[in-house]
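Single-letter residue listing:
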Amino acid sequence: MSIFKGGFSGCVSRRKFLSLTAASTAWVLTEGACGEAIVQTSPLTGTDGSNSQYSEGIAPERLAAAKRRAAEIVSKLTLEEKISQLGCLAPTVKRVGLPAYAYYASEALHGLIHSGPVTCFPLPMALGCTWNRSLVLQMFTAVSDEIWAWHKKSGMDLAMFSPPTVNMGARDPRWGRVAENYSEDPYLVGEMASATIHGMQGDDRRFLKTIACAKHFIANDTDSDRHVTSASVDPRSFWEYYARGFEASVKQGRVFTVMSSYNELNGVPTSCSRFLLTDVLRGLWGFQGYVVSDCGAIEDICRTHNFVPTLEEAAALALNAGCDINCGSTYQEYLGKAVTEMLVSESALDQSLIRSFTGRVLLGAFDPVEENPYSKIPISCLESEGHRDLALEAARQAIVLFENEGNILPLKRNEIKKIAVIGPMADVCNLGNYSGTPQNLVSPLRGIKEFLGIKDRPSYHIRAADYVKFDGPIQLESCSEGGQDLSFDSDGTGGENKPNWVNVPGRVKAWAAYNGVLFSGATEFHARVASSSDVASLEVRLDQLDGPVVCQVKIPNTGDFQKWASVSTSIRPVYGEHTVYLLFLGEPGPLFGIRYFEFTPAKPVAPPMDETVEVSYAMGCTVGGTKNENEFAKAANVASTADVALVFVGTDEQISSEAQDRQSICLPGVQGELIGAIFAANPRTILVISSNTPVAVNWAQNNLPAIVGGIFLGQEQGRALAEVLFGAYNPAGRLSTTWYRGTDQLPDFHDYNIMNGRTYMYFKGKPLYPFGHGLSYTTFQYQDLQLSGTTIGPGEKITVSFSVKNTGNREGDEVVQLYVHAVSEADVRPMPIKQLVNFERVHLRPGESKVLKFELPYSERALHYWDESDYLFVAVKGVVELMAGSSSEDIRLHGRFQMG
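Keep in mind that what you see is a predicted model, and the values were worked out from it rather than measured. Per chain, residue numbering runs from 1 following the sequence as it is written. Local features in a predicted model are, by the rule used here, given only for residues with pLDDT of at least 70; side-chain atom pairs are given and counted only at 80 or more, and totals for whole chains, interfaces and linings are based on all residues. Only heavy atoms go into the side-chain values, all of them from the structure, while hydrogens and water stay out.

Asker: Help me out: how do you make sense of the environment of Gly 516 in this one?
Answerer: In this structure, Gly 516 sits in strand E16 (residues 507-518). Judged by its relative accessible area of 16%, Gly 516 falls in the buried class. Placed 62 residues apart in sequence, Gly 516 and His 578 show a C-alpha to C-alpha distance of 5.8 Å. The contact rule is simple, with two residues in contact once any of their heavy atoms fall within 4.5 Å. Gly 516 has contacts with Pro 458, Ser 459, Ile 462, Glu 577 and His 578, leaving out every residue within four places of it along the chain. Secondary structure follows DSSP: runs of H or I at least 4 residues long count as helices, runs of E at least 2 residues long count as strands, and numbering of each begins at the N terminus. Residue burial is assigned from relative accessible area. The probe radius is 1.4 Å, only protein chains are included, and a residue is buried under 20% of its type maximum, exposed over 50%, and partly exposed in between.

As structure tokens, then:
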């Protein structure tokens, strides 16, 4: 039986499947040899690492030595001790001097999840819009530097559960975690994931810098039902689309951890699929690291998928299949019984432990720290000026100019006296899913004010999210009442935040500081709070953490973390402007949070207006709430008297998030109506999208003069957007996904057949914005396409060259995209309409021209298709059309060659 055919059979009995997963290593090697022959016949371009721009990774002799050392450690452990080490939190084994270890130390999807100082970069889909490999490599080098800095500062371990997210959920914008992936295109995903992994794992030949984790393997592309669903994937879609990003992560990126997903693939839970975890991952692709389950996925094999009746069978099945570490407790609780019942052998446990312990050895966990070159990384790199500058540059490069009728953008600063900044995304710095808590956040409103030189005036009213520094288990949350709130995890399990807590006997304390708080004439303190704790309270201090106490107020138990209530208390007389320290007190227990606080005077003091440009703000509406006539009227009034109105809209984690897919891709709530109301009040209305998902803004595209923005841009988003709006930076982001007009243009959400109109490769309709789309403040000309030959055969390649010239009057970047359309003489149907094979982001001054050269080898995956009869990749035989352009629809040059 071919492993490639068997992997897609949903009809294998569980008894038969159990016998296959428990089969001998010899069986795997025999089947794997078949797979390796396929790789040699039709290798994937670039994924063998032979022509990689990256380092060669860990030296083979060092890897072999690390495996031997891991085996020596494992040999000293008893069966009970071995089982204890198979969870993501492995305890100390004092008998042999083995320290505790966290395989799930944290995540670093776009920056380390940690309390500040820590740098938060744009979301992965925004990074995909940069089309810049070297920027992504540089960014994740900075992320891994900060992981090492926290390792030195607090002892945090170095194994991460992200990045990269590689499962191809971006094929459909309804996926709740769509912004965690880079693109809908498998080649672009593979390139970005490889750059990410090399930035995370480093370039040393002896030591891994950190351990990255490619997830969620595989076809975990719906989220609301991920624990129960089975992805029905045909062989061509699997090999030509869903597997490619993972293959590149292993072969080109050399990732050391792969995470199995929650879902089933064709009736078999991925976490117990030997086909996936052993035959494909290790046998076919040569994966050298360890596999970890998604959290609770081993338990799901029994409890939600009902694939086996007991948890000991689920544990045995998963371990035998090649899942080495269980995020959860199923292995540690049930493998002992599984060994006793002879469902799994102790040697199988040894094999998994050797794989995972090899990772610990390569991280330097058992070596003197001075031998590790990464130990020299300074703690001062945390949210340093250099890292914030890099976050700003990443945000700049990710911004997409969707529309610019009449070149209304960039705005001319000297012609504007009043700007209206409107919308639920204007005065928040949304970071998105799996984010840390930086100490410096720049919202769009703040970024615009700073760009125009407008200083924030002292205020009686302060938003909790506008802290200047903090300490303790603090994080930003999307608030059900609009904007963001600040939450405090006082349950005593704050992970790596815990060392930062300010401890008070019997209580837990955290704090946040706020500048520019006005007290003159104030007599009362007011706050908007929520809590599910009976013992939470706030303490207000002046100017320093141990400064004088202004007041203390108890936070009531509102019954839910997003059920808000107002609290108030009188304050002692204070005058002038001060820095306020809010101290948060509570017994170990549930979360509590705060939206805003204010000091209420009998007669507010109004600071004088002295700026040459006036910036007025109105929220207008919340992200997903109903219409408030007063808020609408206020926003329209602000817009009507302005020279230009900027409306900031999008989605956030309330609308789309982990375990929550969308039903609609339109703007939620009444944001669309708000856009219309502002445009009616001021035709010079510019839409700025700040979102964690693509959104259908059809009316705005048809009516508004300009649209700009994109996916959440990280902590420096406000500065980057201001620079683009006012022309200090020329936008060059290009969409890494297709933006559709509505769900009627999409297949069924659970349809995994990529050929059923999914992505730009097979979609035949007219999207709102095509894959690769993005405008510029300048213009570019493509010319003189040349091919080094007209035919290409096995082992050969064609060189493609052409020139790109900046024909405008501004310097800027062009993202050059190279596509192919292959037509097979074997009449294989369907073939992609076009498929990306390479790209380059190039900077050009006005009038400057550069010649670009791309090599296209015969082995390029886009020139092959998966033969469902022979179960291997076969090169197309026939004419291949070559296309170069600025997007998948804006093709500037055409060429042809023959596949021999």
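From this point on, the discussion continues.
Asker: In this structure, what is going on with the pairing of strand E26 (residues 706-711)? I would like to understand it.
Answerer: Consecutive side chains of a regular strand alternate in pointing toward one face of the sheet and then the other. Among the six residues that make up E26, six are buried, leaving the element largely enclosed by the rest of the structure. Bridging between strand E9 (residues 400-404) and E26 involves four bridges; their strand directions are antiparallel. Residue Asn 404 lies in a different strand from E26, and its bridge partner there is Ala 706. In this structure, strand E25 (residues 685-691) lies alongside E26, joined through six bridges in parallel fashion. Within E26, the position partnered with Ile 689 by the bridge is Gly 709. Whether a crossover is right-handed depends on one test, that the path from the first strand over the helix to the second runs clockwise when the strands point away from the viewer. Crossover E25 to E26 through helix H20 (residues 698-703) is right-handed. Strand pairing follows a simple DSSP-based rule, namely that at least 2 bridges must link the two strands.

Asker: What is the right way to read the packing of helix H13 (residues 311-321) against helix H14 (residues 330-340) from this model?
Answerer: Here an angle of 0 to 180 degrees is reported between the N-to-C directions of two axes, which are lines fitted to C-alpha atoms, with helices fitted over the stretch in contact. Here H13 crosses H14 at 95°, and the two axes come no closer than 8 Å. Taken together, the axis directions place H13 and H14 in an arrangement best described as roughly perpendicular. Contacts between H13 and H14 pair Leu 311, Glu 312, Ala 315, Ala 316, Ala 318 and Leu 319 from the former with Thr 330, Tyr 331, Tyr 334, Leu 335, Lys 337 and Ala 338 from the latter. Residue polarity follows a fixed list, in which Ala, Val, Leu, Ile, Met, Phe, Trp, Tyr, Cys and Pro are nonpolar, Asp, Glu, Lys and Arg are charged, and the others, Gly among them, are polar. Counted by class, the contact of H13 with H14 contains nine nonpolar, one polar and two charged residues. An angle below 35 degrees is read as roughly parallel, one above 145 as roughly antiparallel, one from 65 to 115 as roughly perpendicular, and any other as oblique.

Asker: Looking at this structure, how should I read the state of the cysteines?
Answerer: The bond known as a disulfide is covalent and runs between the sulfur atoms of two cysteines. Pairs of cysteine sulfur atoms within 2.5 Å are identified as disulfides in what follows. All told, the structure shown has one disulfide when counted by the stated rule. Between the sulfur atoms of Cys 295 and its disulfide partner Cys 327 the distance amounts to 2.1 Å. In this structure the cystine formed by Cys 295 and Cys 327 twists about its S-S bond by roughly 70°; its chirality is therefore right-handed. Residue Cys 295 is located in the loop between strand E8 (290-293) and helix H12 (297-303), and its partner Cys 327 is located in the loop between H13 and H14; the two are separated by 32 residues in the primary sequence. A residue is classified by how much of its surface remains accessible, and Cys 327, at 4% relative accessible area, is buried.

Asker: Whenever I open this one, the pairing of E8 confuses me. Can you help?
Answerer: A two-sided burial pattern is seen for E8, the buried positions comprising Tyr 290 and Val 292 on one face and Val 291 and Ser 293 on the other. Across four bridges, the pairing between strand E5 (residues 257-260) and E8 is parallel. Note on E8: the bridge partner recorded for Ser 260 is Ser 293.

Asker: I'm lost on the sheet that holds strand E3 (residues 213-217) in this one. Help?
Answerer: Two modes of strand pairing occur in sheets, parallel and antiparallel, and in both the strands are linked by backbone hydrogen bonds. One open sheet accounts for three strands, arranged E3-E5-E8; its pairing is parallel. For this open sheet the edge positions go to E3 and E8, each flanked by a neighbour on one side alone. Pairwise comparison of adjacent strand axes, ignoring direction, gives a mean angle of 25° for this sheet. Along the sheet, helix H11 (residues 274-284) makes contact with E3, E5 and E8, crossing E8 at roughly 150°.

Asker: When you look at helix H10 (residues 244-251) in this model, what are you seeing that I'm missing?
Answerer: For an α-helix the count is 3.6 residues per turn, leaving residues at separations of three or four pointing the same way. Buried residues dominate H10, accounting for eight of its eight residues. Among all positions of H10, only Arg 244, Gly 245, Phe 246, Glu 247, Ala 248, Ser 249, Val 250 and Lys 251 are buried.

Asker: I tried to follow the sheet that holds strand E29 (residues 797-806) on my own but got confused; where do I start?
Answerer: As summarised here, the arrangement of the three strands in space is E27-E29-E32, forming an open sheet in which the pairing is antiparallel. Of all the strands in the sheet, just strand E27 (780-787) and strand E32 (849-857) have a single pairing partner and so form its edges. Going from strand to strand, the sheet's axes swing by 20° on average, the running direction of each strand aside. Sheet topology note: the E27/E29 ladder contains six bridges and is antiparallel. Its bridge partner being in E29, Tyr 782 is matched across the sheet by Val 804.

Asker: In this structure, what is going on with unusual backbone geometry? I would like to understand it.
Answerer: Most of the time, phi is negative for any residue but glycine, and the peptide bond is trans. That bond from Phe 217 to Ile 218 is cis: its omega, 15°, falls within 30 degrees of zero. As for its placement among the helices and strands, Ile 218 is situated in the loop between E3 and strand E4 (230-231). Between Leu 409 and the following residue, Pro 410, the backbone shows a cis peptide bond with an omega angle of 0°. Tracing the backbone through its elements, the reader meets Pro 410 in the loop between E9 and strand E10 (418-422). Positive phi is not limited to glycine here, since Asn 306 has a value of about 55°. By the element assignment, Asn 306 lies in the loop between H12 and H13. With a relative accessible area of 47%, Asn 306 lands in the partly exposed category. With a phi angle near 55°, Tyr 434 is a residue other than glycine that sits in the positive phi range. If you trace the backbone, Tyr 434 turns up in the loop between E10 and helix H17 (444-451).

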